[in-house]
Amino acid sequence: MVLTGAEIVIRCLQEEKVEYVFGYPGGAVLYIYDALFQQEQVRHILVRHEQAAVHAADGFARSTQKVGVALVTSGPGATNAVTGIATAFCDSIPMVIISGQVPTAAIGQDAFQEVDTVGITRPCVKHNFLVRDVRDIATTIKKAFYLAQTGRPGPVLVDIPKDITFAKCEFEYPQDISMRSYNPVVKGHQGQIKKAVQLLLEAKRPMIYTGGGVILADAADRLTKLTRLLGYPITNTLMGLGAYPASDRQYLGMPGMHGTYEANMSMHYSDVLLAVGARFDDRVIGDPANFAEEPRKIIHVDIDPSSISKRVKVDVPIVGDVKDVLDEMIRQLEAGEARPNPDALAAWWKQIEDWRSRKCMEYRNSDTIIKPQFVIQKLWEVTGGDAIVTSDVGQHQMWAAQYYRFDKPRRWLNSGGLGTMGVGMPYAMGAQLAHPGKQVACVTGEASIQMNIQELSTCKQFRLPIKICNLNNRYLGMVRQWQQLFHGQRYSESYMDSLPDFAKLAESYGHVGIRVDKPADVEGALREAFTTHKNDLVFLDFQVDQTENVYPMVQGGKGLTEMILSAEDL
Amino acid sequence: MRHVISLLIENEAGALSRVSGLFSARGYNIESLTVAPTEDASMSRMTIVTTGSDEIIEQITKQLNKLVEVVKVVDISEAAHIERELMLIKLRATGKDREEIKRTADIFRARIIDVTDTSYVIELTGNQSKLDAFIGAIDTGLILETVRSGVCGIGRGDRVLKL
Ligand SMILES: Cc1cc2nc3c(=O)[nH]c(=O)nc-3n(C[C@H](O)[C@H](O)[C@H](O)COP(=O)(O)OP(=O)(O)OC[C@H]3O[C@@H](n4cnc5c(N)ncnc54)[C@H](O)[C@@H]3O)c2cc1C
Ligand SMILES: Cc1ncc(C[n+]2csc(CCOP(=O)(O)OP(=O)(O)O)c2C)c(N)n1
Ligand SMILES: [Mg+2]
């Protein structure tokens with residue numbers, strides 16, 4: 001069948017079973033929008049800013065394991081998308097971004113709305129393409145979807161000049177794709193896995209440290225099985241929350257900068273550390289030299305060889321997909337006779353319980369002023385611990401991560417690697433579209449929410465009943481905390497004046513707004529939002545303690561044992 | 001430590017900038033980089049001379065391998081290999097200097113490939129140190145310009161970098 005380039009683009013998306021495209025039209029993509037208009041299978045979500053289109057597609061992907069798709073025009077459309085693309089890249093999220101480009105003949109002429117999109121995005125995509133011939137569209141899009149979701153996932157951008165979208169050719173969608181230059185390893189090396197299992201069984205102070213890779217691989221069930229089989233303690237990074245049930249006794253909480261005392265001490269003093277789909281990020285291991293002071297053997301499972309021995313030297317590298325490698329580990333364990341040493345393990349758990357008894361997550365609640373931690377605990381109660389929770393970036397993000405106990409994967413969506421303020425609402429939009437019946441809460445701050453506040457309009461248009469929980473501390477709280485602790489309490493530009501009345505603002509967009517001032521009203525307001533207003537978007541504006549800080553804390557660049565547990569430690 | 005990394009890469013527009021962009025974004029050194037298509041025109045071969053600790057070189061190889069268009073990467077300096085570089089050098093050649101330059105060129109097995117009343121262009125291939133030595137042997141005042149290709153490298157014997 002002979003089709004135009006634009007029709008081919010849409011046919012490819014149909015072939016890939018794409019349900020939603022998040023986007024914003026403009027001159028260079030008019031033909032694509034025209035083709036979109038003339039079909040019903042692929043639905044388009046019109047956002048109010050291209051950054052939000054990419055974030056929403058990213059949130060859709062994070063909550064489903066499917067590829068998120070965004071569509072933007074050339075020039076400013078593409079540059080607006082860059083923050084979204086970089087955010088997805090830093091957290092290895094599978095996405096395809098289609099951008100319009102000026103006509104082929106105009107490229108390089110400083111044409112209207114021309115930017116070198118492929119050049120600008122090159123460092124923040126897994127791969128990108130400029131399509132130069134209508135006959136290449138189908139294979140290029142096929143490749144883009146294939147690259148996005150295989151190996152270490154990531155965003156792939158396809159830049160399509162306008163003339164290519166109205167040129168015609170015969171359409172045929174390739175069934176398979178193979179690229180001689182791209183062959184990600186899936187199966188882990190048998191010998192290495194054997195060595196790892198041996199080491200794990202001989203361990204006296206074992207620790208399991210897992211991250212976003214387990215979520216991306218959809219391997220939470222395997223991880224849980226292996227961890228229970230061994231009876232070892234486990235910690236999940238900020239990107240890995242929900243991969244192991246947080247309410248289970250073997251779970252020690254998150255590691256790192258705002259991780260728990262018990263998780264960090266167990267990481268530090270372990271003699272065998274099993275790292276799975278986690279990349280020893282600087283927010284986790286702030287000071288590799290300090291970490292190396294304690295002797296331990298490290299096993300590292302990752303699909304990307306470059307994640308292994310990058311910041312922390314590894315003893316047993318295993319390149320492969322988490323799912324396959326964990327399956328093989330479980331198989332070997334179950335097939336063998338050997339079991340962990342019960343005496344050593346009992347002594348290790350005794351030590352861990354001792355660390356745990358410091359109760360580092362306790363905070364002083366108040367009758368008069370709303371504590372942000374309290375809001376999250378109530379949110380957990382009211383939603384039965386099973387909502388999809390998105391967050392923005394700042395203190396509220398850390399409190400959500402610490403106090404909403406995620407028992408299942410793909411319930412926690414946040415920007416870990418790039419730390420992009422403004423992702424919260426678009427992530428919630430993507431997640432709500434993917435899961436229409438589910439409770440979706442966006443935990444945010446009064447600064448972050450304003451970075452994409454315009455999306456309240458999109459939420460109205462597409463009737464997305466997300467619940468926005470604004471922990472309003474009238475501060476760039478995370479910045480204020482650092483200034484208080486490390487910059488002599490000089491609060492340079494971290495106070496925000498002239499905030500809007502968020503409840504009224506939400507109302508003006510046609511939503512429900514509720515302002516909450518007293519601790520006693522927190523639970524009631526949340527219940528009202530999730531029951532009475534089940535089908536509405538509710539903006540809950542919680543006036544929280546302005547001076548609350550996130551603890552525990554390991555200062556940037558410091559060792560895991562140098563923790564500030566509470567304000568008393570200062 | 002100095003390393004010579006050879007790689008095969010799809011001969012696509014922008015492939016070179018992916019490689020050079022990787023080096024600048026991650027702060028790796030490039031001493032030289034050469035690239036040209038191979039006998040199979042769909043593929044190019046690059047030789048990159050870089051320096052760094054073992055850990056950095058390990059990351060460089062891994063990061064290069066991660067580029068979607070890179071087909072194969074080998075650190076050829078890990079074993080016996082040959083390096084060659086081409087230099088064209090233009091010298092002021094008048095009076096007594098003409099004979100002297102010719103003698104030096106002969107010693108280095110260089111060839112004079114362009115002659116005017118006042119200048120020579122000399123062509124010389126060899127490893128980096130041979131080219132450096134030649135420059136060292138010439139009176140700097142006579143050098144009008146030099147152009148060097150950067151290093152090309154290949155493994156000795158059975159070691160073959162092929163698809
Ligand atoms: C304000 C702020 C504070 C933060 N504080 C903390 C903190 O206290 N603690 C914390 O943990 N983080 C914290 N972070 C997040 C931190 O910056 C990193 O994003 C996070 O630690 C990285 O998580 P990860 O190691 O799980 O790796 P990810 O970024 O999730 O990477 C996943 C890894 O798994 C691999 N992988 C992917 N798919 C597969 C597969 N199928 N099979 C095998 N491997 C696979 C990838 O190659 C990669 O190496 C904070 C972020 C912000 C913004
Ligand atoms: C786009 C962007 N700009 C700046 C920052 C730096 N930053 C990190 S947290 C933060 C403050 C966030 O304030 P708010 O959303 O109110 O959250 P709080 O910390 O008060 O809970 C800032 C400015 C960032 N992460 N992202
Ligand atoms: Mg704030």
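Residues numbered from 1 in each chain as written. Chains lettered and ligands numbered in written order. Predicted model: local features only at pLDDT ≥ 70, side-chain atom pairs only at ≥ 80, totals over all residues. Heavy atoms only, no water.

Undergrad: Sorry if this is basic, but what is going on with the overall build of chain B here?
TA: Per the secondary structure count, chain B includes four helices and nine strands. In sequence order, the secondary structure elements of chain B are arranged as β-α-β-β-α-β-β-α-β-β-α-β-β. Taking the principal axes of the C-alpha coordinates as reference, chain B spans close to 55 × 35 × 35 Å. When each of the 163 residues of chain B is scored for burial, the buried share is 42%. About 8600 Å² of surface is accessible on chain B, with carbon and sulfur atoms providing 52% of the total. (Helix = DSSP H or I, 4+ residues; strand = E, 2+ residues; numbered from the N terminus. Buried < 20%, exposed > 50% of the residue type's maximum accessible area, 1.4 Å probe, protein only. Areas by Shrake-Rupley, 256 points an atom, 1.4 Å probe, with all protein chains shown as cover.)

Undergrad: Where do I start with the interface of chain A and chain B in this structure?
TA: Think of interface size as the accessible area that goes away when the parts come together; that is how it is often given. Of the residues lining the interface, 17 residues belong to chain A; the matching set on chain B comes to 18 residues. When residues of chain A are sorted by the area they lose upon contact with chain B, Arg 122, Arg 180 and Ser 181 of chain A head the list and together hold 43% of the total. If you look at where chain A meets chain B, you find three salt bridges. The interface formed by chain A and chain B holds 11 residue pairs in polar contact (both at pLDDT 80 or more) in total. A class-by-class count of the residues in the side of chain A that touches chain B yields five nonpolar, five polar and seven charged. (Contact = heavy atoms within 4.5 Å. Buried area = accessible area lost by both parts, 1.4 Å probe. Salt bridge = Lys/Arg side-chain N within 4 Å of Asp/Glu carboxyl O. Polar contact = N/O pair within 3.5 Å; in protein donor to acceptor, adjacent residues only side chain to side chain. Nonpolar A, V, L, I, M, F, W, Y, C, P; charged D, E, K, R; others polar.)

Undergrad: Looking at this structure, how should I read the UniProt feature "domain: Thiamine pyrophosphate enzyme central" (unreviewed entry) in chain A?
TA: Mapped onto this numbering, the UniProt entry annotates "domain: Thiamine pyrophosphate enzyme central" (unreviewed entry) at residues 193-328 of chain A. Each end of residues 193-328 of chain A is marked by a C-alpha atom, and these two atoms are 8 Å apart; helix forms 35% of the span and strand 17%. (UniProt positions renumbered as here; feature names shortened; annotations may be inferred.)

Undergrad: Hey, could you run me through the packing of helix α1 (residues 5-15) of chain A against helix α2 (residues 30-37) of chain A in this one?
TA: The description of two helices packed together rests on the angle between their axes and the distance between the axes. All names here are of chain A. Two elements in contact, α1 and α2, have axes separated by 8 Å at closest approach and are oriented at 55 degrees. As judged from the angle between their axes, α1 and α2 are oblique. Crossing geometry of α1 relative to α2 is assigned as right-handed. Where α1 approaches α2, its residues Ala 6, Glu 7, Val 9 and Ile 10 are matched on the opposing element by Tyr 31, Ile 32, Ala 35 and Leu 36. For the contact of α1 with α2, the residue count by class is seven nonpolar, no polar and one charged. (Axes fitted to C-alpha atoms, helices over the stretch in contact; angles between N-to-C directions. Parallel < 35°, antiparallel > 145°, perpendicular 65-115°, else oblique. Left-handed = near helix turned anticlockwise from the far one by under 90°.)

Undergrad: So what exactly am I meant to see when it comes to the site of ligand 2 here?
TA: All names here are of chain A. Around ligand 2 there are 17 residues in total, and Gln 395, Gly 419, Ser 448, Tyr 475 and Gly 477 lie nearest to it. Take Ala 447: an N or O atom from its main chain is 3.2 Å from an oxygen atom of ligand 2. Protein contacts shield 76% of the accessible area of ligand 2, which totals 580 Å² for the unbound molecule. Elements supplying a minimum of two residues to the shell around ligand 2: α16 (395-403) and α19 (477-486). When residues in the shell around ligand 2 are grouped by element, the largest group, three residues, is from α19. A class-by-class count of the residues in the shell around ligand 2 yields eight nonpolar, eight polar and one charged. (Near = heavy atom within 4 Å.)

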